[in-house]
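Commentary on secondary and tertiary structure
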Amino acid sequence: MRVLILGGTTEASALARLLADDSRFETTLSLAGRTSAPRAQPIATRVGGFGGIDGQVRYLRDHGVDAVIDATHPYAAQISAHAVAASAAAGVALASLVRPPWQCQEGDRWHEVVSTHDAALRLGDAPRRVFLSLGRQDLHVFATAPQHHYIARLIETPQQAELPADLVLLHQRGPFDLEAEGRLLVDERIEVIVSKNSGGEATYPKIAAARALALPVVMIARPDKPVGHIVTSAEEAVDWLAHVRSSSRRGV
Ligand code: NAP
């Protein structure tokens, strides 16, 4: 059975590892191509957009894909909308690997906002030292609040012409541990963190470190993301694929 994983996440890589030696499936991992040196993967990989819904439908048909697992990031809403539409049009089964969001716990000082623009506004008028944990596509928004000192952690250098004037870039790839996150926040005298509610363990230590230091976190809410059949782990995705495979073999 031919499987396409829409990836770019820890879960997609975990699923790729599980399927690499599974002879029931011939699996390809699809990456958007945002990272110039992505981690090596144990399965066939294709890189770059499909060219919208029509392009994705063509890809599914041309490559005889039987099932798609959308394991993209919770904030990558467009590719998921395209996957739902394209899979329906091509008659291909679709499951979405949904990473549960982090829950606000006792001691957390979260301020939830609906967009990156609202996060920039929420930082207020007085200059503050801000840790941005967002990804490079959203950085330019903080140019609208130039009174703050920003430290942003990224894998790639941002390409936007307009960036906050007072910005320091840390080129680091996760996962990050609690101790190192706490040290970073203290050493850089961070007063507030801006984060997406990505969920998962890899980037959670900064949230736990903020709690330990009683620092506020401006938390940007998740976008609405269309889904297929929901699974919550790479193992559950394999079970679903096995079910789709046996149903199609029985002609159900
Ligand atoms: P997006 O806004 O939902 O997608 C924009 C376009 O990028 C899509 O329409 C599609 O182009 C292409 N694309 C996205 N993911 C793709 C994939 N896995 N394979 C092939 N094409 C893909 O996505 P985004 O927020 O820019 O995220 C891009 C990638 O980075 C995703 O793979 C996501 O999992 C990963 N990522 C995103 C975030 C985040 O905060 N957004 C964080 C960590 C990782 P076409 O329409 O041409 O097909």
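Throughout, residues of each chain are indexed from 1 in the direction in which the sequence is written. Local features in this predicted model are restricted to residues of pLDDT 70 or higher, and side-chain atom pairs are both shown and tallied only at a pLDDT of 80 or more, whereas totals for entire chains, interfaces and linings draw on every residue. Hydrogens and water molecules were not included; the side-chain quantities draw on all heavy atoms of the structure.

Think of an α-helix as turning once every 3.6 residues; residues three or four places apart then point the same way. Counting from the N terminus, the helices are the DSSP runs of H or I reaching at least four residues and the strands are the DSSP runs of E reaching at least two. By this rule the span expected of a helix is its residue count minus one, scaled by 1.5 Å. Helix length check: helix α7 (residues 234-249) (16 residues) gives 23 Å between terminal C-alpha atoms against 22 Å at 1.5 Å per residue, within 8%. Among the residues of α7, those classed as buried are Ala 234, Ala 237, Val 238, Trp 240, Leu 241, Val 244 and Ser 247. Among the structural elements, β1 (2-6), α1 (10-20), β4 (67-70), β5 (93-97) and β12 (229-231) are those in contact with the buried residues of α7. Once α7 finishes, Gly 251 follows within two positions and takes phi at roughly 75 degrees, a positive value. We call a residue buried when its accessible area falls under 20% of the maximum for its residue type, exposed when it is over 50%, and partly exposed in between, using a 1.4 Å probe and counting protein chains only. Contact definition: two residues touch when any of their heavy atoms are within 4.5 Å.

Throughout, nonpolar core names a set of buried Ala, Val, Leu, Ile, Met, Phe, Trp, Tyr and Cys residues whose side chains join them through atoms within 4.5 Å. In terms of nonpolar packing, the biggest core is built from 22 residues, with Val 3, Ile 5, Leu 15, Leu 19, Ile 69, Trp 240 and Leu 241 touching the most fellow members. Residue assignment for this core shows that the elements contributing at least two residues are β1, α1, β2 (26-31), β4, β5 and α7. By residue number, the principal contributor to this core is α7, which donates six residues. Aside from chain neighbours lying at most four places away, what touches Leu 241 is Met 1, Val 3, Leu 19, Phe 25, Ala 67 and Ile 69. Judged by nonpolar contacts, the second largest core, of 20 residues, contains Leu 132, Leu 139, Val 141 and Tyr 150.

Note that Glu 26 resides in strand β2. Each C-alpha atom, one on Glu 26 and one on Ile 43, is 8.8 Å from the other, the two residues being 17 residues apart in sequence. If sequence neighbours within four positions are ignored, Glu 26 has contacts with Met 1, Arg 2 and Val 3.

Moving on: the pairing of β4. Alternating positions in β4 separate into two faces, Ala 67 and Ile 69 on one and Val 68 and Asp 70 on the other, with burial throughout. Strands qualify as paired when DSSP identifies two bridges or more between them. Across four bridges, the pairing between β1 and β4 is parallel. Among the inter-strand pairings, Val 3 is bridged to a residue of β4, identified as Ala 67. Bridging between β4 and β5 involves four bridges; their strand directions are parallel. Across the sheet, the residue bridging to Ala 67 is Ala 93, located in β5. Whether a crossover is right-handed depends on one test, that the path from the first strand over the helix to the second runs clockwise when the strands point away from the viewer. Crossover β4 to β5 through helix α3 (residues 77-90) is right-handed.

Within this document, salt bridges are pairs made up of a side-chain nitrogen of Lys or Arg and a carboxyl oxygen of Asp or Glu, the two lying within 4 Å of each other. Considering all chains together, one arrives at eight salt bridges under this definition. Across the salt bridge formed by Arg 24 and Asp 22, the nearest N and O atoms sit 2.8 Å from each other. A residue is classified by how much of its surface remains accessible, and Asp 22, at 15% relative accessible area, is buried.

Turning our eyes to something else, we now look at the side chain of Ser 198. Here Ser 198 is to be found in the loop between β10 (192-196) and α6 (205-212). Ser 198 has contacts with His 73, Pro 74, Tyr 75, Arg 99, Trp 102, Thr 203 and Arg 222, leaving out every residue within four places of it along the chain.

Take the domain arrangement of the protein chain next. Boundaries between domains were set according to an automatic or database domain assignment. Taken as a whole, the protein chain is organised into domain 1 (2-100 + 224-250) and domain 2 (109-220). The gap between the C-alpha centroids of domain 1 and domain 2 is 30 Å. At the junction of the two partners, domain 1 supplies 11 residues and domain 2 supplies 13 residues. Buried surface at the junction of domain 1 and domain 2, summed over both partners, amounts to about 930 Å²; 41% is from carbon and sulfur atoms. Buried area is a sum: the accessible area each of two parts loses on coming together, probed at 1.4 Å, counted once for each and added. The three residues of domain 1 that bury the most area against domain 2 are Arg 34, Arg 39 and Tyr 75, which together make up 53% of that side's buried surface. The interface formed by domain 1 and domain 2 contains zero salt bridges.

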